[in-house]
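Commentary on secondary and tertiary structure
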Amino acid sequence: MQLLGLILLLLGGGAVAALSERLHRNAPRWLALGVIAVAGLYLLAIPVGTEEQAAWIPRFGINVILAMDGLSFAMVALTLFLGLIAIVSSWSEIDESPGFFQFNLLWTLAGVVGVFTALDLFLFFVFWEVMLVPMYFLIAIWGHEARAYAAMKFFLFTQISGLLMLFAIMALVYLHYDTSGVITFAYADLLGAELDPAYAFLLMLGFFVAFVVKLPAVPFHTWLPDAHTQAPTAGSVILAGILLKTGAYGLLRFVVPLFPEAALDFRWPAMFLGAASVVYGGYLAFSQSDFKRLVAYSSISHMGFVLLGVFAWNTVAVQGAVVQMVAHGFSTAALFMMAGALQQRLHTREMGQMGGLWHKAPRMGSVALFFVVASLGMPGLGNFVGEFMVLIGAFQVDVPLTIAAAIGIIVAAVYALSLMQRSFQGEPNAAVEAMPDFGFRELSVMILMMVALVWLGIYPETLLNLSAPVVSGLGVAP
Amino acid sequence: MTALDFQALAPHLTLTAGLLVVVLAISFWRSHRTALTLTLLSFAAAFIALWPGLDAAPRQVTPLLVLDAYAAFFNGLFILIGAVTAILAHRYLQGRAGSQEEFHVLLLLATLGAMTLASAQHFAALLLGLEIISISLYAMVAYPEESHPPLEAALKYLVLSGVGSATMLFGMALIYHATGALGFAELAASVPVGDTFAAAGDRADLWLTAGQVLFIIGIAFKLSLIPFHMWTPDVYQGAPAPVSGYLATVSKAAVFAVLLRFAVDAELLDLSGGAAVSMAMLFAIVAVLSMVIGNVLALLQDSIKRLLAYSSIAHVGYLMIALLVLGALPGQAMAVETALVFLAGYLAMTLAAFAVVSELSSAAVGERDQIEEYAGLFWRRPVLAAVLTAALLSLAGIPLTAGFIAKFYLFAAGVEGALWGLIWAMIVGSALSIYYYLKIVFAMTVRDADAPAVPVSAIGVVTAAVLGLVVLVLGIYPAPLIDLVGDIAAGMLSQP
């Protein structure tokens, strides 16, 4: 029960952190940091390939099945790493009820770890929702001015699409029960379910919508800019860095393997949505004047590549999607931290009130430049590898859509450089007086993420070797 | 009656004895605390008496009552809810002028009525139980008689509930006219061989059809299914909060318990006769209306009590899926199981929500049921806010709460019975409901709220916390409940 132990560690740590607020105001922060560090070490001690099972609700053949293959390991490691980053980045930002804040943070992470490891559809759904409620609280309590609207929108979008998924899960289990006589929610058993093609298509859509809302892809993306913009920095880091990946992971792990024929039938529309997200997300990003909102829209554009890659369903594209998931986790998390740092110093996210900040804070400027360049797909950094592999793979499947998505990279250069230009370059804004530069705490986490992105860009094999057996095991075309 | 009959009736008899003790104690020595203690002792004794009763189960006592595990399950729930209501009402009524002790007598009496309904298998017992509950509740609703809203609510409840009872009674009379039977099982046997009770009316006998429809309308009044719901929000809002909680839980669950037994024993929804579709149709229509309109109207409420009233309307609408599965499935066990699991979850979460409302209100300061009065509750009363959050998330059907397991069961049963339309209505209803539940949760997280502090009692907070834990435990580890309920369903359906 090592994986369950990992999840319980996060849940229990969250509860203790919430209570520790009474002892000292700083206690929850240090506790949360310690819990994540211990969880990270614990993760390294769990061998890849672990699978564990325990009975839960025998009446419906529901078991606690947790498993960690290479893909899950990579995603869980990313989760814990960004969790650590989120705690550090919120160190001085959150003053009110730090205990409850860390509680919600750790519970979100626990839910995400569960999503990445659950191999029972019921359990998966439970974790899917468990990560939702604490995230709601993070936005609703510690968010910015329009948090009520943003939090509600976030919750409604994910919850309603989740209901569709629950319905699809129940119908899938029942159809499998009808033919096999066994009632089970186990992923491994349901993989081989023989389904009527018409049903399979509808069920596939149920899953697809739930995951694409989370991803998010056009036209289900409208919750994202609000939620990201209004969330506190740690919330944005977790939302963009990890929560969006659960949607991508779901597409990869569940939608295509469970319904291979239906997914193949749906390939063009799905890839179209992916390419449309790349271009339209980039276009919208360019028209933003709010630093955080721009980064949020750029996420839609980047996650479009993942959708494109998953539905291209050949090894290169899917591997590219995996790299893109991880690389986007780092680059966007860093940019959201930058937005948070700027807001804390300038009390605004409007780029119209920035400008020429490089001179006042050169360290911030150079860090921002690094991640902006990473985000626009500079060769040598992780994002480039991901996007490039996706495009190669997608090209073999559908040329026009690939060309459209490739144009999206040019759009990315435009909005990313304009972000840099409007905030850090150009005429110094007279209204901005002295601004403290990055200190040791902020700089060190940024450097960690830079190293990760460079490593991904120069030697992606580390990640690719981890995910290769999984990708071929899922039945991806070579 | 034999000794075994008395043993089977032990919970009812114990509660009756406790009731008499409380009445006598009050007439000699007025003390609210003593009345509460004696009431709780009576509930505890009746709860313990469930086990000797179960040793004799299943047992038919007179043609009116049958005491089986199904009845014991409901009796146990009603006793526990009665005890919680007594605790909540004790603090709620403190500080009110006049004497409070009679409230507990009424509460015991209402619970006795509910227990009678859970074991009724005859129209006479049904009516008896129903009237015992209703008459006690009129007085309980109006108990803080010095203020206006409770009186208005009680009057409304009296008139409309009376109309419901009269309709039902007339329906029973017509059914008796057509079949000559009053016992549930006799009704099923009263129709010619090869026919069913449900279908016979459809076919030729207009009196029987009219009787069935009127009976169902009467039941729908009591369950406050749309369009027979008009009294519910007003009465819930006007009644003292502990009584609203009791109305939403015990009085509904008891009526549903007897309806389910009636449907099973009298084969009300048996589709094997072919023509019983129209009876099922009637239920399906009110179910869909309740799920959709109940949730839409809940969106518009500013008062938590009204909101919970509409939410309870919607939940009884969901529950109708379990009833309809009874007619759609070859094995009926799933339907009974679903109903029992759903009700256990519904009772826990609804009572938890009302417990928090009741803890914040009192007869002296009045009802605190406006949503804005809950602003900042998280920071002022974290435990109560956490319980209310758990209850609301459970009502919204979020996993790891009892409400999710309840909805999950309905999903499973509905998919198995292929009731697609009802499942979609439930999905739409649930989707709508998230908004208004979250609205309250958000209000509680708002920070700079300077709502006045409310004195709360330690025992009330502990009671609410226990209810909140029950909601979570049922959601996290439902297997024991499911096992229990599976045995009960199997036992009920195997009875001759």
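Along every chain, residues carry numbers that run from 1 in the direction the sequence is written. Following the order in which they are written, the chains are lettered starting with A and the ligands numbered starting with 1. Local features are withheld for residues below a pLDDT of 70 in this predicted model, meaning they are given only at 70 or higher, and side-chain atom pairs are given and counted only at 80 or more; totals for whole chains, interfaces and linings count all residues.

A few words now on the overall build of chain A. Only runs of H or I of at least four residues qualify as helices and only runs of E of at least two qualify as strands under DSSP, and these elements are numbered from the N terminus. Tallying secondary structure elements over chain A gives 21 helices and two strands in all. Taken over C-alpha atoms, the radius of gyration is set against a globule rule of 2.2 Å times the number of residues to the power 0.38. Taken over the C-alpha trace, chain A has a radius of gyration of 21 Å; the compact-globule value for 478 residues is 23 Å, and the two agree within 12%. A principal-axis box enclosing the C-alpha atoms of chain A has dimensions of 75 × 60 × 40 Å. Buried, partly exposed and exposed are defined by the number of other C-beta atoms within 10 Å of a residue's own C-beta, namely 20 or more, between the two limits, and 12 or fewer respectively, with C-beta atoms placed from the backbone. Here chain A holds 478 residues, and 61% of them are scored as buried. Residue pairs qualify as contacts under a 7 Å threshold applied to their C-beta atoms, which are placed from the backbone. Contacts in chain A between residues at least 24 apart in sequence constitute 81% of all its contacts with a sequence separation of at least 6.

A few words now on the overall build of chain B. Counting its secondary structure elements, chain B contains 22 helices and two strands. The C-alpha radius of gyration computed for chain B amounts to 22 Å, which stays within 12% of the reference 23 Å derived for 496 residues, consistent with globular compactness. With the C-alpha coordinates aligned to their principal axes, the bounding extent of chain B is approximately 70 × 55 × 40 Å. Buried positions account for 62% of the 496 residues belonging to chain B.

Here the focus is helix α6 (residues 101–118) of chain B. Between the first and last residue of a helix there are one fewer steps than residues, each counted as 1.5 Å, and that sum is the expected span. Taking 1.5 Å per residue as the helical rise, α6(B) with its 18 residues ought to reach 26 Å, and the 27 Å between its terminal C-alpha atoms agrees with that figure. The element α6(B) is extensively covered by neighbouring structure, given that 17 of its 18 residues are classed as buried.

Moving on, we come to the packing of helix α15 (residues 304–328) of chain B against helix α16 (residues 333–360) of chain B. Residues and elements named next belong to chain B. Here, axes are lines fitted to C-alpha atoms. For helices the fit covers the stretch in contact, and angles between N-to-C directions go from 0 to 180 degrees. At a minimum axis separation of 9 Å, α15 and α16 run at an interaxial angle of 175°. Viewed along their axes, α15 and α16 adopt a mutual orientation that is roughly antiparallel. Contacts between α15 and α16 involve I304, K305, L308, S312, H315, L319, A322, L323, V325 and L326 on the former and, on the latter, M334, A335, T338, A339, F342, Y346, T350, A353, F354 and V357. Under the grouping applied here, Gly and all other residues not named as nonpolar or charged are polar, the nonpolar ones being Ala, Val, Leu, Ile, Met, Phe, Trp, Tyr, Cys and Pro and the charged ones Asp, Glu, Lys and Arg. Considering only residue class, the contact of α15 with α16 consists of 15 nonpolar, four polar and one charged. With respect to orientation, any angle under 35 degrees is reported as roughly parallel, any angle over 145 as roughly antiparallel, any angle of 65 to 115 as roughly perpendicular, and every other angle as oblique.

Once that is clear, we can look at helix α11 (residues 233–258) of chain A. All names here are of chain A. Between its terminal C-alpha atoms α11 stretches 36 Å, which fits the 38 Å expected from 26 residues at 1.5 Å a residue. Given a residue, its bend is the angle between the two axes fitted to the seven residues that end at it and to the seven that start from it. L239 marks the point of greatest bend in α11, at about 35°. Burial of α11 is extensive: 25 of the 26 residues sit out of reach of the surface.

Another point: the interface of chain B and chain A. Facing the 21 residues of chain B at the interface are 27 residues of chain A. Secondary structure elements with two or more residues in the side of chain B that touches chain A: α19 (402–416), α20 (420–445) and α22 (479–494) of chain B. It is α20(B) that contributes the most residues to the side of chain B that touches chain A, eight residues altogether. Partitioned by chemical class, the residues of the side of chain B that touches chain A number 16 nonpolar, three polar and two charged.

Below, the discussion takes up the packing of helix α10 (residues 223–230) of chain A against helix α14 (residues 291–312) of chain A. A pair of packed helices is captured by two measures, namely the crossing angle of their axes and the spacing between those axes. All names here are of chain A. Interaxial distance between α10 and α14 falls to 9 Å at its minimum, and their mutual angle equals 140°. For the element pair α10 / α14, the angle class is oblique. For the pair α10 and α14, the crossing hand works out as right-handed. In contact with L224, P225, H228 and T229 of α10, α14 contributes K292, R293, A296, Y297, S299 and I300. A per-class count over the contact of α10 with α14 returns five nonpolar, three polar and two charged. Should the near helix be turned anticlockwise from the far one by less than a right angle, the crossing is left-handed, and should it be turned clockwise, the crossing is right-handed.

Our next topic: the pairing of strand β1 (residues 50–57) of chain A. Residue and element names in this part refer to chain A. At least two bridges found by DSSP between two strands is the condition for calling them paired. In the sheet, β1 pairs with strand β2 (residues 62–68) via seven bridges, with the strands oriented antiparallel. Paired with E52 across the two strands is L66, which belongs to β2. With antiparallel pairing between neighbouring strands as the criterion, β1 and β2 make up a hairpin whose turn holds four residues, including G61 at a positive phi of roughly 65°.

Residue and element names in this part refer to chain B. To form a nonpolar core, buried Ala, Val, Leu, Ile, Met, Phe, Trp, Tyr and Cys residues must be joined through C-beta atoms within 7 Å. In this structure, I321, L324 and A352 are the most contacted members of the largest nonpolar core, which totals 403 residues. Looking at this core, the element that brings in the most residues is α16, giving 21 residues. In this structure I321 touches A287, L410, A413, G414, L419, L422 and M426, once residues within four positions along its chain are discounted.

Omega for the peptide link from L215(A) to P216(A) comes to -15°, which places this bond in the cis form. For P216(A), the position within the fold is in the loop between α9 (197–214) and α10. Cis geometry marks the peptide bond from V218(A) to P219(A), where omega comes out at 5°. Position of P219(A) among the secondary structure elements: in the loop between α9 and α10. With a phi angle near 50°, S224(B) is a residue other than glycine that sits in the positive phi range.

Right, let's talk about the environment of V476(A) for a bit. All names here are of chain A. Following the sequence through the fold, V476 ends up in the segment after α21 (461–473). Distance from V476 to M135, taken between C-alpha atoms, is 33 Å for residues 341 residues apart in sequence. If we ignore the near neighbours within four places in the chain, the residues touching V476 are W313, N314, T315, V318 and V471.

Our next topic: the confidence of the model for chain B. The predicted structure's coordinates, where accompanied by low pLDDT, should not be read in detail. Note: pLDDT gives the predictor's confidence per residue, expressed from 0 to 100. The share of residues in chain B with pLDDT of 70 or more is 94%, and the mean pLDDT across the chain is 89. ipTM for the predicted complex: 0.91, alongside a pTM of 0.93.

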